Amino acid sequence: MTTQPEFHDRMLSLGLARVSEAAALASAKLVGRGDEKAADQAAVDAMRNQLNLLDIKGRVVIGEGERDEAPMLYIGEEVGNGNGPEVDIALDPLEGTTLTAKDFPNALTVIAMAPRGTMLHAPDVYMDKLAIGPGFAPDTVTMDMTPSERVRALAKAKGCDPSDISVCVLERPRHDAMITDLRSTGAAIRLIMDGDVAGVIHCAETELTGIDMYMGSGGAPEGVLAAAALKCMGGQIYGRLVFRNDDEIARARRAGIEDLDKVYTRDEMITGDVIFAATGVTDGSIVRGIKTEPGWVTTDTLLMRSKTGSVRRMSYRTPL
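The name given to the protein in an unreviewed UniProt entry is Fructose-1,6-bisphosphatase, with the source organism recorded as Roseinatronobacter thiooxidans. Among the UniProt annotations of the protein, the heading Sequence similarities (unreviewed entry) holds the following wording: "Belongs to the FBPase class 2 family." According to the UniProt record, the Cofactor (unreviewed entry) comment for the protein reads "Mn(2+)".

## Topic: the side chain of Thr 118
Mapped onto the fold, Thr 118 is located in the loop between β4 (108–115) and β5 (126–132). With sequence-adjacent residues up to four places away left out, Thr 118 is seen in contact with Asp 88, Met 269, Ile 270, Thr 271 and Gly 272.

## As for the pattern of salt bridges
Scanning the model with the defined rule gives 18 salt bridges in all. Asp 9 serves as the salt-bridge partner of Arg 305, at 3.0 Å between the closest nitrogen and oxygen. With a gap of 296 residues between them, Arg 305 in strand β13 (residues 296–305) and Asp 9 in helix α1 (residues 9–28) connect regions that are remote in the sequence. Residue Arg 305 shares its accessibility class with Asp 9, and that shared class is buried. When the shortest N-O distance is used, the salt bridge between Asp 283 and Lys 291 registers 2.7 Å. Asp 283 sits in the partly exposed class, given a relative accessible area of 39%. The class for Lys 291 is partly exposed, based on a relative accessible area of 38%. Through salt bridges with shared partners, a single ionic network connects Asp 9, Arg 305 and Lys 307.

## Quick word on unusual backbone geometry
Unusually for a residue other than glycine, Leu 73 sits at a positive phi of about 55°. Along the polypeptide, Leu 73 turns up in the loop between β1 (57–62) and β2 (78–79). Classification of Leu 73 by relative accessible area gives buried; the value is 0%. Of note, the phi angle at Asp 139 is positive, near 60°, even though the residue is not glycine. Note that Asp 139 resides in the loop between β5 and α4 (147–158).

## What about the packing of aromatic side chains?
Using the criterion set out here, one finds zero aromatic pairs in the structure. Its end group placed over the ring of Tyr 264, Lys 262 keeps NZ or CZ at 5.4 Å from the ring centre.

## A short note on helix α2 (residues 36–51)
Taking 1.5 Å as the rise per residue, α2 with 16 residues should run 22 Å; its terminal C-alpha atoms sit 22 Å apart, in good agreement. Taken together, the buried positions of α2 are Ala 39, Asp 40, Ala 42, Ala 43, Val 44, Ala 46, Met 47 and Leu 51. Those residues of α2 that are buried lie in contact with α1, β2, β3 (86–95), α3 (97–101) and β4. The N-terminus of α2 is capped by Asp 35, whose side-chain oxygen sits 3.4 Å from the backbone nitrogen of Lys 37.

## Looking at the packing of α1 against α2
Two numbers describe how α1 lies on α2: the axes approach to 8 Å, and their chain directions differ by 150°. For the element pair α1 / α2, the angle class is roughly antiparallel. The handedness of the crossing between α1 and α2 comes out as right-handed. Contact with α1, carried on its side by Arg 18, Val 19, Ser 20, Ala 22, Ala 23, Ala 26 and Ser 27, involves Ala 39, Ala 42, Ala 43, Ala 46, Met 47, Gln 50 and Leu 51 of α2 and no other residues of that element. When the residues that make up the contact of α1 with α2 are grouped by side-chain class, the tally is 10 nonpolar, three polar and one charged.

Cut-off values and rules
- Each chain has its residues counted from 1, running along the sequence as written.
- The predicted nature of this model means local features are confined to residues of pLDDT at least 70 and side-chain atom pairs, given and counted, to a pLDDT of 80 or more, with totals for whole chains, interfaces and linings taken over all residues.
- For the side-chain quantities, the full set of heavy atoms in the structure was used; hydrogens and water were omitted.
- UniProt positions are given in the numbering used here, feature names are shortened, and annotations may be inferred rather than shown by experiment.
- Runs of H or I in DSSP of at least four residues are treated as helices and runs of E of at least two as strands, each being numbered from the N terminus.
- In what follows, residue pairs with any heavy atoms lying within 4.5 Å of each other are defined as contacts.
- The salt bridge criterion pairs a side-chain nitrogen of Lys or Arg with a carboxyl oxygen of Asp or Glu, the two atoms within 4 Å.
- Each residue's exposure class comes from its accessible area (1.4 Å probe, protein chains only) as a fraction of the maximum for that residue type: buried when under 20%, exposed when over 50%, partly exposed otherwise.
- Classification of ring pairs uses Phe, Tyr and Trp, with its six-membered ring standing for Trp, and accepts pairs whose centres are within 6.5 Å; under 30 degrees between planes counts as stacked, over 60 as edge-to-face, and the remaining range as tilted.
- Counting as a charge over the ring demands two things of the Lys NZ or Arg CZ atom: a distance within 6 Å of the ring centre and an angle within 35 degrees of the ring normal.
- What a helix should span is 1.5 Å times the count of its residues minus one.
- A 3.5 Å cut-off defines polar contacts: any pair of N or O atoms within that distance qualifies, except that in protein one atom must be a possible hydrogen donor and the other a possible acceptor, and neighbouring residues in sequence count only when both atoms are side-chain atoms.
- Comment: axis = line fitted to C-alpha atoms, over the contacting stretch for helices; angle = value between 0 and 180 degrees taken between N-to-C directions.
- Angles below 35 degrees are treated as roughly parallel, those above 145 as roughly antiparallel, those between 65 and 115 as roughly perpendicular, and all remaining angles as oblique.
- Should the near helix be turned anticlockwise from the far one by less than a right angle, the crossing is termed left-handed; should it be turned clockwise, right-handed.
- Amino acids are sorted into nonpolar (Ala, Val, Leu, Ile, Met, Phe, Trp, Tyr, Cys and Pro), charged (Asp, Glu, Lys and Arg) and polar (every other residue, Gly among them).

See the structure below:
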């Protein structure tokens, strides 16, 4: 009987950092150029090429879309050189294509890896998300609460006034009513254009970012990536899939989702150990963007392992 190679997260983590760095370096050449598709394609090409150098039998479970929608890094694609453990991979080669094209803050390349079968195969639909940082009792805030109730509950847990709470929200018309309810408590709101993986990570580093909570609907695949980050950093995230039509329900069924109303916790989205890497493309509150100087280019990467709770900030300087 052949024994499968173990998931040695410590050994694989540096390789994962190289994957996110390669995608960031490729897309950085298109920062501010106004071409979202070209920036995304550059990141995809570089990420895929670097992934195929790793000693893994990888399968993309969160990727660029279904096979008929994405030529590379599609859901179900096999990556790696085939000489290692079977792993699931969740990735967003360029989280914030618009941010990159317009040279706005917080564009990232993001990737997570875990043993095969331990990541939620989230369909490409919306997910209603709620996240807070570490140090709070389970269900301090819940999906059943109204936005204003969540603010008051978190303020009570922190021992502060609701007006001291800061909430990160994607700036979308669908969130207008939620924002009105949040502001009724006196809470501050940081609106972001794109990049809700970064938005959720903000909650885990409140002292650095000033953000206490994230809420609102965005892509379900990004919800799984955010859960991977919080699994490493600590914190809570809840997600419930949102369906707009029968086609999206059919996508969920194909992904193996049976309970369409289920609220997923962090540890239900990521059931095992996970490693996570994010590299800055443009400057942000979590990592710095790509810096170019005569003869050199420097990246800034966040590299994390859930098994140890380790969070590394890596600066990589290489000759042009």
